[in-house]
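# Survey of secondary and tertiary structure
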Amino acid sequence: MPAGHTILLYIIRGEVSVNGVSALAQTLVNLSPDGNTIQLRATAESLVLLASAPPLHEPVVQQGPYVMNTTSQIMEAMRDYQMGRMGVFIAE
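This text gives an overview of the structure that appears in the document. (Residues numbered from 1 in each chain as written. Predicted model: local features only at pLDDT ≥ 70, side-chain atom pairs only at ≥ 80, totals over all residues. Heavy atoms only, no water.)

## Some thoughts on the overall build of the protein
Applicable threshold: In this text, helices come from DSSP runs of H or I with a minimum length of four residues, and strands from runs of E with a minimum of two, each type numbered from the N-terminal end. Here the radius of gyration uses the C-alpha set of atoms, whereas the globule reference equals 2.2 Å times the residue count to the power 0.38. Only heavy atoms enter the contact rule, under which two residues are in contact if any of them lie within 4.5 Å. Only four residue types enter the charge count: Lys and Arg as positive, Asp and Glu as negative, with His and the chain ends excluded. Throughout, a charge is located at the NZ atom of Lys, the CZ atom of Arg, the CG atom of Asp or the CD atom of Glu.
Scanning the protein for helices and strands turns up 1 helix and 8 strands. Beginning at the N terminus, the succession of helices and strands in the protein can be written as β-β-β-β-β-β-β-β-α. The C-alpha atoms of the protein give a radius of gyration of 18 Å, which is well past the 12 Å a tight globule of 92 residues would have. Across its three principal axes, the protein shows a C-alpha extent of roughly 50 × 35 × 20 Å. Considering only contacts in the protein between residues 6 or more positions apart, those separated by 24 or more positions represent 43%. Both charge centroids of the protein, one from 4 positive and one from 7 negative side chains, sit 4 Å from each other.

## Focus: the side chain of His 5
Stated precisely, the cut-off is as follows: To sort residues, take the accessible area from a 1.4 Å probe on protein chains only and compare it with the maximum for the residue type: under 20% means buried, over 50% means exposed, and anything in between is partly exposed. Polar contacts, as counted here, are pairs of nitrogen or oxygen atoms within 3.5 Å of one another; within protein the pair requires one atom able to donate a hydrogen and one able to accept it, and residues that are adjacent in sequence qualify only if both atoms are side-chain atoms.
Its location among the elements puts His 5 in the segment before β1 (6-13). Residue His 5 is classed as buried on the basis of its relative accessible area, which comes to 18%. A distance of 2.8 Å separates polar atoms of two side chains, one belonging to His 5 and the other to Ser 52.

## Some words on the nonpolar core
Let me state the cut-off plainly: The criterion is simple. A nonpolar core is a set of buried Ala, Val, Leu, Ile, Met, Phe, Trp, Tyr and Cys residues joined through side-chain atoms within 4.5 Å.
By size, the foremost hydrophobic cluster in this structure holds 8 residues: Ile 7, Leu 9, Ile 11, Val 16, Val 18, Ala 23, Val 29 and Leu 31. Looking at this core, the elements that each hand over two or more residues are β1, β2 (15-18) and β4 (27-31). Per-element accounting of this core gives the leading share, 3 residues, to β1. When near neighbours in sequence (up to four residues on either side) are disregarded, Val 29 contacts Ile 7, Leu 8, Leu 9, Val 18 and Ala 23.

## With respect to the sheet that holds strand β3 (residues 21-24)
Strand-to-strand pairing in sheets goes through backbone hydrogen bonds, with the strands running parallel or antiparallel. Short version of the rule: Paired strands, in this sense, are two strands between which DSSP finds at least two bridges. Where helices are involved, their axes are fitted lines through C-alpha atoms of the stretch in contact, as for all axes, and angles between N-to-C directions lie from 0 to 180°.
Pairing is antiparallel across the open sheet formed by 3 strands, whose spatial order is β3-β2-β5. The open sheet terminates on both sides in strands that have one partner only, identified here as β3 and β5 (40-42). Looking at each pair of strands side by side, their axes are set apart by 25° on average, direction ignored. Judged from the 4 bridges that link them, β2 and β3 form a sheet pairing that is antiparallel. Its bridge partner lying in β3, Val 18 is registered against Val 21.

## A word on the pattern of salt bridges
We count it as follows: Each salt bridge in this description consists of a side-chain nitrogen of Lys or Arg and a carboxyl oxygen of Asp or Glu lying within 4 Å of one another.
For the structure on display, the rule yields 1 salt bridge. Arg 85 is the salt-bridge partner of Asp 80, the closest N and O atoms lying 3.2 Å from each other. By relative accessible area, Arg 85 is classed as exposed at 55%.

Rendered as structure tokens:
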């Protein structure tokens, strides 16, 4: 992973040891961007998702399915959804 990136491990199923700490299925592990190695060991048959991205360096507000920078943006997104401004889904 590139230095300074935010690194996440999501344990989909099984059990793993991440840097010596046990993590069970349906657990999100947020790793420090300061290190340069990850010790990952499966202690049972496991499926793990590894993700990496540059850090946002901005505020994050979450409510329900909405993720924005401010509470007022969340409220605006909720109003837009309720008024049908988010588009429509057409199943074919």
